[in-house]
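# Tertiary structure, described
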Amino acid sequence: LGTDTVVGMYASQVWRRSTRVYGDGGCFLFRLTPDARCWKWQPRSDGTLLDQVDLEEEKTALLEQFMVGTAKYISMGGNPDGSCGLRLNEDLTRGESAPAVGFENEPLHGQGRSSVFDVGVVEVYGLARQIDGRRV
């Protein structure tokens, strides 16, 4: 990524290692600079990415691939070929972005670039509803 490119994802749940997909339609992918854009989850996708999938169950599974957390990466958005809307490796130093079923985003770091990029800085924000058991 260029130093002026800022991309990210909003996770509706806490990231965790799991053998199952988790999260919900509140997840979204975004780019802040250049050309700020937000790609929210779309429960129905008419995009060409789903044309590669034959079974309805597989189409639903791809549409609902919100968050994936493993020992090797975290990712959001899935595709029949295994690529993701945004994937960060286990030590958050490398990223990858491709158009994703369910979000219908463009590659977050721009068209015409390699899907893999180096990550310069990672910022993580959490929204708290409670502190010490009390609502804030």
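Now for a quick tour of the structure. (Residues numbered from 1 in each chain as written. Predicted model: local features only at pLDDT ≥ 70, side-chain atom pairs only at ≥ 80, totals over all residues. Heavy atoms only, no water.)

Take the sheet that holds strand β3 (residues 37–40) next. Here 3 strands make up an open sheet; going across it, the order is β1-β2-β3 and the pairing antiparallel. Edge positions in the sheet fall to β1 (6–10) and β3, since each has one partner strand and no second. Averaged over all adjacent pairs, the angle separating strand axes in this sheet is 15 degrees, with direction ignored. With 4 bridges connecting them, strand β2 (residues 28–33) and β3 associate as antiparallel partners. Bridging from a neighbouring strand, phenylalanine 30 pairs with cysteine 38 of β3. (Pairing = 2+ DSSP bridges. Helix = DSSP H or I, 4+ residues; strand = E, 2+ residues; numbered from the N terminus. Axes fitted to C-alpha atoms, helices over the stretch in contact; angles between N-to-C directions.)

This model, assessed by the stated rule, comprises 5 salt bridges. The closest approach of N and O atoms between glutamate 106 and arginine 31, which form a salt bridge, is 2.9 Å. One end of the pair, glutamate 106, is in the loop between β7 (94–96) and β8 (116–118); the other, arginine 31, is in strand β2, and 75 residues separate them in sequence. Linking glutamate 106 and arginine 37 is a salt bridge whose minimum nitrogen-to-oxygen distance equals 3.3 Å. Remark: arginine 37 occurs in strand β3 and glutamate 106 occurs in the loop between β7 and β8; sequence separation between them is 69 residues. (Salt bridge = Lys/Arg side-chain N within 4 Å of Asp/Glu carboxyl O.)

This part takes up a nonpolar patch on the surface. Together, Leu92, Val122 and Val124 make up an exposed nonpolar region whose accessible area comes to about 260 Å². Topologically, valine 124 is positioned in the loop between β8 and β9 (130–131). Taking relative accessible area as the criterion, valine 124 reaches 73% and is therefore assigned exposed. (Patch = residues over 30% accessible without salt bridge, like charges linked within 9 Å, V, L, I, M, F, W, Y side chains within 5 Å. Areas by Shrake-Rupley, 256 points an atom, 1.4 Å probe, with all protein chains shown as cover. Buried < 20%, exposed > 50% of the residue type's maximum accessible area, 1.4 Å probe, protein only.)

With that out of the way, let us pick up the nonpolar core. Grouped together as the largest cluster of nonpolar side chains are 15 residues, with contacts concentrated most on Met9, Cys27, Leu29, Met67, Met76, Leu86 and Phe103. Excluding residues within four positions of it along the chain, cysteine 27 makes contact with Tyr10, Ala11, Ser12, Trp41, Phe66, Met67, Met76 and Phe103. (Core = buried A, V, L, I, M, F, W, Y, C linked by side-chain atoms within 4.5 Å. Contact = heavy atoms within 4.5 Å.)

The tally for this structure, following the rule as stated, stands at 4 aromatic pairs. Centre to centre, the rings of tyrosine 10 and phenylalanine 28 are 5.1 Å apart; their planes meet at 15 degrees, and the pair counts as stacked. In this pair, tyrosine 10 is assigned in strand β1 and phenylalanine 28 in strand β2, connecting sequence segments 18 residues apart. Among the residues examined, tyrosine 10 registers a relative accessible area of 33% and is labelled partly exposed. Phenylalanine 28 sits in the partly exposed class, given a relative accessible area of 24%. Judged by centre distance (5.1 Å) and plane angle (70 degrees), the ring pair of tryptophan 41 and phenylalanine 66 falls under edge-to-face. Residue tryptophan 41 is found in the loop between β3 and α1 (56–63), and its partner phenylalanine 66 is found in the loop between α1 and β4 (67–69); the two are separated by 25 residues along the sequence. In textbook terms, an aromatic cluster arises when at least three aromatic residues are bridged by ring pairs, as seen for Tyr10, Phe28 and Phe30. We note arginine 16 situated over the ring of tyrosine 22; from NZ or CZ to the ring centre the distance is 4.0 Å. Directly above the aromatic system of tyrosine 73 lies the positively charged group of arginine 87, at a separation of 4.4 Å from the ring centroid. (Phe/Tyr/Trp six-rings, centres within 6.5 Å; stacked < 30°, edge-to-face > 60°. Lys NZ or Arg CZ within 6 Å of the ring centre and 35° of its normal.)

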